[in-house]
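# Breakdown of the fold
Now for the letters of each chain:
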Amino acid sequence: MDKEGGEFKMTVLFGTVEYFEQEMLRHLEICQMGKWTKEDEISLIYSRLENEILFDFVCDEKVRIECLKNLAYADKRLRVKDYQPINDIEKHSLV
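Residues numbered from 1 in each chain as written. Predicted model: local features only at pLDDT ≥ 70, side-chain atom pairs only at ≥ 80, totals over all residues. Heavy atoms only, no water.

## A closer look at helix α2 (residues 38–56)
Counted only if it meets this: Secondary structure is summarised from DSSP: a helix means a run of H or I of at least four residues, a strand means a run of E of at least two, and numbering begins at the N terminus for each. Helix span is expected to be 1.5 Å times the residue number reduced by one. When a residue's accessible area, from a 1.4 Å probe over protein chains only, is under 20% of the maximum for its type it is buried; when over 50% it is exposed; and in between it is partly exposed. As used here, the arc is the angular range of directions from the helix axis to the C-beta atoms. We call two residues in contact when some of their heavy atoms are within 4.5 Å.
Compared with the 27 Å implied by 1.5 Å per residue over 19 residues, the 26 Å span of α2 between its first and last C-alpha is a close match. Among the residues of α2, Lys38, Glu41, Ile42, Ile45, Tyr46, Leu49 and Ile53 are the ones counted as buried. The arc that holds every buried residue of α2, seen down its axis, measures 130°, which confines them to one face. Projecting away from the buried face of α2 at angles above 90 degrees are the exposed residues Phe55 and Asp56. Among the structural elements, α1 (17–30) and α3 (61–80) are those in contact with the buried residues of α2.

This is the structure:
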């Protein structure tokens, strides 16, 4: 756990479903594209992260496959629920 401003906050491990969900939410918050639908924005972010895993991330192939599976699952989770801005999520994740 990280200590931040007197509060303890859980950290998310790279490559987990929660990590990719958090990254996608962060990109959605930063890059609000206005006229695009939520699904279009999520698709664009998913594609960018997928390309990074496939072509930029240097790792064992088993790790790459696990990351891609977790990314796909995070994508599915975001599409079926309403996402909140990252600031609201961070407020609720404080322990």
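So, next bit.
## Some points on the packing of aromatic side chains
To keep it simple, the criterion reads: Ring pairs are drawn from Phe, Tyr and Trp, using the six-membered ring of Trp, whenever the two centres fall within 6.5 Å, and their geometry is named by plane angle: stacked under 30 degrees, edge-to-face over 60, tilted for the rest.
Counted according to the given criterion, the structure contains 4 aromatic pairs. The interplanar angle of 55° and the centroid separation of 5.1 Å between the aromatic rings of Phe14 and Phe57 together place this pair among those described as tilted. Taken as a pair, Phe14 in the loop between β2 (7–9) and α1 and Phe57 in the loop between α2 and α3 lie far apart in primary sequence, 43 residues in all. Among the residues examined, Phe14 registers a relative accessible area of 45% and is labelled partly exposed. Aromatic side chains Tyr19 and Phe20 sit 5.3 Å apart centroid to centroid with 75° between the ring planes, which places their arrangement in the edge-to-face category. Ring pairing ties together the aromatic residues Phe14, Tyr19, Phe20 and Phe57, which thus form one cluster.

## Brief notes about the nonpolar core
Stated formally: Residues enter a nonpolar core if they are buried and are Ala, Val, Leu, Ile, Met, Phe, Trp, Tyr or Cys, with the set joined through side-chain atoms within 4.5 Å.
In terms of nonpolar packing, the biggest core is built from 15 residues, with Phe20, Met24 and Leu71 touching the most fellow members. Considering every element that reaches this core, the biggest residue donor is α1, with 6 residues. When sequence neighbours within four positions are dropped, the list of residues in contact with Leu71 reads Phe20, Met24, Tyr46, Leu49, Glu50 and Ile53.

## Description of the confidence of the model for the protein chain
Condition: For every residue, the predictor assigns a confidence score, pLDDT, that lies between 0 and 100.
With 72% of its residues at a pLDDT of at least 70, the protein chain reaches an overall mean of 79. Of all the helices and strands in the protein chain, helix α4 (residues 86–92) carries the lowest mean pLDDT, 44, while α3 carries the highest, 94. Every residue in residues 85–95 is under pLDDT 50, and counting partners more than four places away or in other chains gives 18 contacts.

## Considerations on the environment of Ser43
The topology assignment puts Ser43 in helix α2. In this structure, the C-alpha to C-alpha distance between Ser43 and Met24, residues 19 residues apart in sequence, is 9.9 Å.

## Re the packing of α1 against α2
A pair of packed helices can be characterised by two numbers: the angle between their axes and the separation between those axes. Using the following cut-off: Axis definition: a line fitted to C-alpha atoms, over the contacting stretch in the case of helices. Angles run 0 to 180 degrees between N-to-C directions. Note on terminology: angles under 35 degrees are roughly parallel, angles over 145 are roughly antiparallel, angles of 65 to 115 are roughly perpendicular, and the others are oblique. Two helices crossing with the near one rotated counterclockwise from the far one by less than a right angle form a left-handed crossing, whereas a clockwise rotation gives a right-handed crossing. We call Asp, Glu, Lys and Arg charged. Ala, Val, Leu, Ile, Met, Phe, Trp, Tyr, Cys and Pro are nonpolar, and the rest, Gly among them, are polar.
Where α1 meets α2, the axes come as close as 10 Å, and the angle between the chain directions of the two elements is 125°. Considering their axes alone, α1 and α2 lie oblique with respect to each other. Classified by chirality, the crossing of α2 by α1 is right-handed. Where α1 abuts α2, its residues Phe20, Glu23, Met24, His27 and Leu28 lie against Glu41, Ile42, Ile45, Tyr46, Leu49 and Ile53. Here the residues of the contact of α1 with α2 sort into 8 nonpolar, 1 polar and 2 charged.

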